[in-house]
Amino acid sequence: MNSIKKFYTIFLCLLGCCLLTSCFDLVEQIDMKQDGSGSIKATLNLSKSKTKVASLMKLKNVNGIQIPSQATVTKEMERAVRTLKATPGISNVQYTLDFNNYIATLSCNFKSVEALNEFSNMLSKQFKTNVTSYNSYAFQPSVPAFSRHYKYMPDVGKEFAKISADDQKLFGDAYYTNIIRFEKHIKTQTNASAKISSNGKAVLLKVPAIALFRGSTSLANTITLTK
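Analysis parameters
Residues numbered from 1 in each chain as written. Predicted model: local features only at pLDDT ≥ 70, side-chain atom pairs only at ≥ 80, totals over all residues. Heavy atoms only, no water. Core = buried A, V, L, I, M, F, W, Y, C linked by side-chain atoms within 4.5 Å. Buried < 20%, exposed > 50% of the residue type's maximum accessible area, 1.4 Å probe, protein only. Contact = heavy atoms within 4.5 Å. Phe/Tyr/Trp six-rings, centres within 6.5 Å; stacked < 30°, edge-to-face > 60°. Helix = DSSP H or I, 4+ residues; strand = E, 2+ residues; numbered from the N terminus. Lys NZ or Arg CZ within 6 Å of the ring centre and 35° of its normal. Polar contact = N/O pair within 3.5 Å; in protein donor to acceptor, adjacent residues only side chain to side chain.

### Notes on the nonpolar core
One finds M32, I90, F110, F146, F182 and I223 to be the most contacted residues of the largest nonpolar core, which totals 48 residues. In this view, M32 contacts S37, F110, V113, F139, F146, I180, R181, F182 and E183; residues no more than four positions away in its chain are not counted.

And the structure:
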């Protein structure tokens, strides 16, 4: 899961369940304004495997993977929210935890892309994981253009390779989706796997989790907007 830890690092305590259930959707939505400010919302949806997740969360660990309790998940989410609220340029922090369907969301507004990247820096320190070295955003209002810089981490592939071939196939129903919306129309975008929406103001990127684990796809993109 490390290959897609950016905004949703706060869901670290749920990753054990993800690894054991294999069926999950991770959705990141970004709404950008012309001045570079905007909002971001991350959703981790394990509802497709909610029966299995419910059973797993009654255990302390499975095959060496620690399974968090509801109390632990809530504690870690509240801890992340406090970090967000203390980050300059971040406001309107909100979250939900649905333990009936196992869906977690976290959202906030950011004053600038720099504030969004600074949020990632703070979360990296809090969770002792390197996030910004391989994923960050940039915005050039004069062009205007929005960029996502992404670098695959080989350690992810090594860890995934340790899983049996049969277990790797189970991740066929796990996806990461990134949606970026703009106020202006999009002229071009550079990610071959991404698509421009019918209204011309959003870019959708949906990739299998397996492709991210193996490094066969990239999240990098440069989106140029009309002036």
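### Focus: the packing of aromatic side chains
Geometrically, a pair of aromatic rings is defined through the distance of the ring centres and the angle of the planes. Within the structure shown, the criterion is met by three aromatic pairs. Between F99 and Y102, the aromatic rings sit 6.5 Å apart at their centres with planes inclined by 80 degrees, giving edge-to-face as the arrangement. For the pair F99 and Y102, one class covers both residues: buried. Note on F146 and F182: the rings are 5.8 Å apart at their centroids and 70 degrees apart in plane angle, and the pair reads as edge-to-face. Of this pair, F146 sits in strand 8 (residues 145–150) while F182 is found in the loop between strand 9 (175–181) and strand 10 (186–189), placing the two residues 36 residues apart along the sequence. The class of F146 is buried, set by a relative accessible area of 1%. According to the relative accessible area criterion, F182 is buried, its value standing at 8%. Ring pairs connect the aromatic residues Y137, F146 and F182, which therefore count as one cluster. Across from the ring centre of Y175, 4.9 Å away, lies the NZ or CZ of K206, which sits over that ring.

### Regarding the side chain of N221
With respect to the secondary-structure elements, N221 resides in strand 13 (residues 221–225). We classify N221 as buried; its relative accessible area is 10%. A polar atom in the side chain of N221 sits 3.1 Å from the backbone nitrogen of N191. Contacts of N221, omitting those with residues within four sequence positions, involve F146, S147, R148, Q189, T190, N191, A194 and V203.

### Notes on unusual backbone geometry
A cis amide bond, omega -15 degrees, links V143 with the succeeding residue P144. Residue position: P144 is located in the loop between strand 7 (135–140) and strand 8. Positive phi, normally seen in glycine, also occurs at N92, with a value near 50 degrees. Within the element layout of this structure, N92 appears in strand 5 (residues 90–98). In this structure N92 comes out as partly exposed when scored by relative accessible area, which is 44%. Unusually for a residue other than glycine, Y102 sits at a positive phi of about 60 degrees. Mapped onto the secondary structure, Y102 falls in the loop between strand 5 and strand 6 (103–110).

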